[in-house]
Amino acid sequence: MSRLCQSLLRRSVLRSSLTLTLTVLLSCSCPALGKKKLYIGALFPMSGGWPGGQACLPAAQMALDLVNKRTDILPDYELELIYYDSMCDPGEATKLLYDLLYTEPIKIVLMPGCSSVSTLVAEAARMWNLIVLSYGSSSPALSNRQRFPTFFRTHPSATLHNPTRVQLFQKWKWTKIATIQQTTEVFTSTLDDLEERVKEAGIEISVRQSFLTDPAVAVKNLKRQDARIIVGLFYETEARKVFCEVYKEKLYGKKYVWFLIGWYADNWFKIKDPSINCTVEQMTEAVEGHVTTEIVMLNPETVRGASNLTSQEFLARLMSKLGGKNPEETGGFQEAPLAYDAVWALALALNKTVGPLKAKGHRLEDFNYNNRDITAEIYRALNTSSFEGVSGHVVFDAQGSRMAWTLIEQLQGGSYKKIGYYDSTKGNLSWYGNDKWIGSGPPADQTVVIEEFRYLSQKIFVSVSVFAGLGILLGIVCLTFNIYNSNVRYIQNSQPYLNNMTAVGCMMALAAVFPLGIDGLHVHRRQFPVVCQFRLWLLGLGFSLAYGSMFTKIWWVHTVFTKKDEKKDRRKKFTREAPKGDLDVLIQPLLEHCSSEKMNTWLGVVYGYKGLMLLLGIFLAYETKSISTEKINDHRAVGMAIYNVAVLCMITAPVTMILSSQQDASFAFASLAIVFSVYITLVVLFIPKMRRLITRGEWQSDAQETMKTGSSTNNNDEEKSRQLERENKELQKIIQEKEERVSELRNQLSERQALRSRRRASTLTNQNHSSPSRAIPQSDPRSLAPPPGYPAPISDLHPVAPSFGNSSSLYQQPDSKISRNNCHTSRLQLLYK
């Protein structure tokens, strides 16, 4: 090497080309020039799961060439790269790490690539006091200073996506999300970090699914549990499997938002994959609209950083170094700026340590695997790094991870469009606003709520109005009939004035059907309160007149013929409706309804007293169902009408409140209930009267009889009938008491007669054994005296046979019998009327 440099120098002097000489001197690391080499051990994955070395290695070499040419950075040193292909395999990396450590020369820094290899290298490096600087590791597990004390990386941690995602969730007011992940350490640790961040932000992960190789079951579970906002964490090959299943389950469209990792190739969903059975068209349809969060790996601004290159100039040189290869087919092309800036970060840090080490009597070339002082200086220099690179501003956090901007993109029409940036260092979200649906952002609960007025169906309104009109005509006929025949006795006995009130009330209730069906389609919103009050007064007065008159009748009957109770309360609710199309919206129906500030109070009062009247009316109708009176000859029909009105009212009131959010059903139910109750009331009360007067021909005769006798006769007959009934009941009670007394006295007499018979038998026996001359003693006549008020029995001077036991012989005289024949003959008709 020394001879080659001397030969080149001689040739350059002989040619007298100062420019060529300087170029050769700068491009040749010659020991004769006094530059000392510092060796970097690197592992570039040229193949395997992530072949990032294909683009990252040329980028690192390009950075080394520029660093070594600089006279202001490490002027006394030259950096040299010793690298191997790790194939992104930890097993292969173990063997290569052994070769790097145990073969000369000593490496001052290690630069691994993918996360699995970096985990192995970073954990072992502290045993050799080596700094590890990675360019392609994103695993959150590497952000652990206790486990990896000397680890740095220019590739941000995968958890850097999470602050961006949380910012987006909060911007669009989402409170529930779902996740699906591939079961690898990098995604598991990323999801654990996301769970902590969303919990702090008040967001819930309602569904969490994972899979190893086949995502079919996990995707079905997302569909089953109605996941809407879904964060997907998986590699590119698994992403194609996931979205093939997404297409099959129809888990895409405007109802769903997918968040993916942005490091996939731009055409990843169009790549033919034998592991899936979906076409490119189906995959394109399934992935449309998804959002990606991607670490900004290329500075979007045109600035010249530490390397004196803009990001676009860097890309041009890299493309030239790649020899025209397609960037989409070159592994690690996106991460190439990170590898470039990693070399510059190392060079600037080493340059920063020269002075402090010299003050301590150390030099970088003195580094060995046992020298902790030099390692500590390099660590401090890297930890305080801050410069502009081609990937953006390079700075490390406390865990050695790169802090960078996050790019937010959305797939629109088959291509990714930038919609914003998030600066994690400042917490700023920059928004482009050129997205199709995210611009305003869906509100809370993942669904847009669209308010929409719903008007009453005109067919239902016309149909019910026809029935209401016919009912009003029927009411007019009934009212006219009742007024014209008010002098007929039969009609008079049904209280015609109350019947007139019933007919008028029914017509007013039917008339309330028309304003009940009027809404904003027919009147302006300013006139709607007037319609509300009009329908309320019509229905209220109609009910009061119709039901009040019937209640008055049944109350009078109950008051006259018998003796003499409740309340309820309700609420209402409106429901949202799902759209028919594939829209992530809910329809919130807006219904025009009548209300007031004291609505609940008024409803409670009105429902309370009217409900009590309905219940009391039912009770009175039941109590008087068996009573017959000519004063109100249609009270049974009134009772039937009250049953009908009460049942319909008690059903209609709660049902209409439940159906209040469905204007057609609510109007139809309330209106038909009014129509049916009115029809039944009119038919029950008036049709039988018409039929009787028509079929019996009582129109004239009853009228003449009424004119002759007058109403006073009817009242007298009614009073006499009631008086006779009361007397009949009193006499029945007296007879019952007398019969009980007679039965009691008969029992007493039977007992006395039996006692007397035993005494006589005993006396006769004693006489047979005594002398014949002895006189028979006479009984005390007072011992045989009957009770006061009863006739004396026939004297018995002869002995009575012992077998005699029937006391009925004592009462052979007609006057001694006490029975119903003793009652006055004028009372017999009253007893059995």
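Position numbers for residues start from 1 in each chain and track the written sequence from start to end. Note on the predicted model: pLDDT of at least 70 is required for a residue's local features to be given, and 80 or more for side-chain atom pairs to be given and counted; whole-chain, interface and lining totals, by contrast, use all residues. Side-chain metrics in this entry use all non-hydrogen atoms of the structure; hydrogen atoms and water are not considered.

With respect to the overall build of the protein
The following threshold applies: A run of DSSP states H or I qualifies as a helix once it reaches four residues; a run of E qualifies as a strand once it reaches two. Both are numbered from the N-terminal end. Using a 1.4 Å probe on the protein chains alone, a residue whose accessible area is under 20% of its type maximum counts as buried, one over 50% counts as exposed, and one in between counts as partly exposed. Per-residue and other accessible areas were derived by the Shrake-Rupley procedure at a 1.4 Å probe size, with only the shown protein chains allowed to occlude residues.
Scanning the protein for helices and strands turns up 23 helices and 17 strands. Buried positions account for 43% of the 833 residues belonging to the protein. As displayed, the protein has an accessible area near 44,700 Å², and 55% of this comes from carbon and sulfur atoms.

Observations concerning unusual backbone geometry
Apart from glycine, the bulk of residues carry a negative phi angle, and the bulk of peptide bonds sit in the trans form. Note the cis peptide between E104 and P105, where omega equals -5 degrees. Secondary-structure assignment places P105 in the loop between α4 (90–102) and β3 (107–111). Of note, the phi angle at C88 is positive, near 55 degrees, even though the residue is not glycine. Among the structural elements, C88 can be located in the loop between β2 (77–84) and α4.

What to know about the side chain of N499
Note the threshold: It only takes one pair of heavy atoms within 4.5 Å for two residues to be counted as in contact.
Assignment of secondary structure puts N499 in helix α16 (residues 496–511). Using a relative accessible area of 0% as the deciding quantity, one classes N499 as buried. Contacts of N499, omitting those with residues within four sequence positions, involve N482, S494, K553, D634, F686 and K689.

Notes on the state of the cysteines
To keep things clear, this is the line we draw: To count as a disulfide, a pair of cysteine sulfur atoms needs to be within 2.5 Å.
One pass over the structure, following the stated rule, counts 2 disulfides. Linked covalently through their sulfurs, C88 and C114 form a disulfide whose S-S length is 2.3 Å. Of this pair, C88 sits in the loop between β2 and α4 while C114 sits in the loop between β3 and α5 (115–125), placing them 26 residues apart in sequence. A residue is classified by how much of its surface remains accessible, and C88, at 17% relative accessible area, is buried. There is a disulfide in this structure between C244 and C278, and the S-S distance comes to 2.0 Å.

Points about the sheet that holds strand β1 (residues 36–43)
Rules: Two strands pair under a simple rule: DSSP has to find at least two bridges between them. Comment: axis = line fitted to C-alpha atoms, over the contacting stretch for helices; angle = value between 0 and 180 degrees taken between N-to-C directions.
Strands sit in the order β2-β1-β3-β4-β5 across an open sheet of 5 strands; the sheet is parallel. Pairing within the sheet leaves two strands with one partner each, and these edge strands are β2 and β5 (151–153). Taking the axes of each pair of neighbouring strands and ignoring which way they run, one obtains an average angle of 25 degrees across the sheet. With 3 bridges joining them, strand β4 (residues 131–134) and β5 adopt parallel strand pairing. Within the sheet, the bridge partner assigned to L133 lies in β5 and is F152.

A look at the sheet that holds strand β15 (residues 428–431)
Reading across from one edge, β7-β6-β8-β9-β10-β13-β14-β15 is the order of the 8 strands in this open sheet, with mixed pairing throughout. The two strands at the open ends of the sheet, each matched to only one other strand, are β7 (204–211) and β15. For this sheet, the mean angle separating the axes of adjacent strands, direction not counted, is 25 degrees. Sheet topology note: the strand β6 (residues 176–182)/strand β8 (residues 229–233) ladder contains 4 bridges and is parallel. Its bridge partner lying in β8, I180 is registered against G232.

As for the nonpolar core
Put simply, the test is: To form a nonpolar core, buried Ala, Val, Leu, Ile, Met, Phe, Trp, Tyr and Cys residues must be joined to one another through side-chain atoms within 4.5 Å.
Ranked by size, the top nonpolar core spans 75 residues in total, and within it L79, M111, F314, Y340, L350 and L364 carry the most contacts. For this core, the element with the most residues is helix α12 (residues 336–359), which contributes 12 residues. Formed by 54 residues, the second largest nonpolar core is a distinct cluster that contains L168, W174, F211 and F269.

Here we look at the pattern of salt bridges
Should the charged atoms of two oppositely charged side chains come close, the side chains can pair. Operational definition: For this analysis, a salt bridge means a side-chain nitrogen from Lys or Arg found within 4 Å of a carboxyl oxygen belonging to Asp or Glu.
Within the structure shown, the criterion is met by 17 salt bridges. Between E377 and K360 there is a salt bridge, with the nearest N and O atoms lying 2.7 Å from each other. Of this pair, E377 sits in helix α13 (residues 372–383) while K360 sits in the loop between α12 and α13; the two residues are 17 residues apart in sequence, bridging distant segments of the chain. In this structure E377 comes out as buried when scored by relative accessible area, which is 8%. A single salt-bridge network, built from bridges that share partners, covers D192, E195 and R208.

With respect to a nonpolar patch on the surface
What counts, and what does not: Patches draw on residues past 30% relative accessible area with no salt bridge. Two like charges within 9 Å are joined, as are two nonpolar side chains (Val, Leu, Ile, Met, Phe, Trp, Tyr) within 5 Å.
On the surface, V462, V466, L470, L473 and I476 cluster together into a nonpolar patch covering about 440 Å² of accessible area. Along the chain, V462 falls in helix α14 (residues 458–484).

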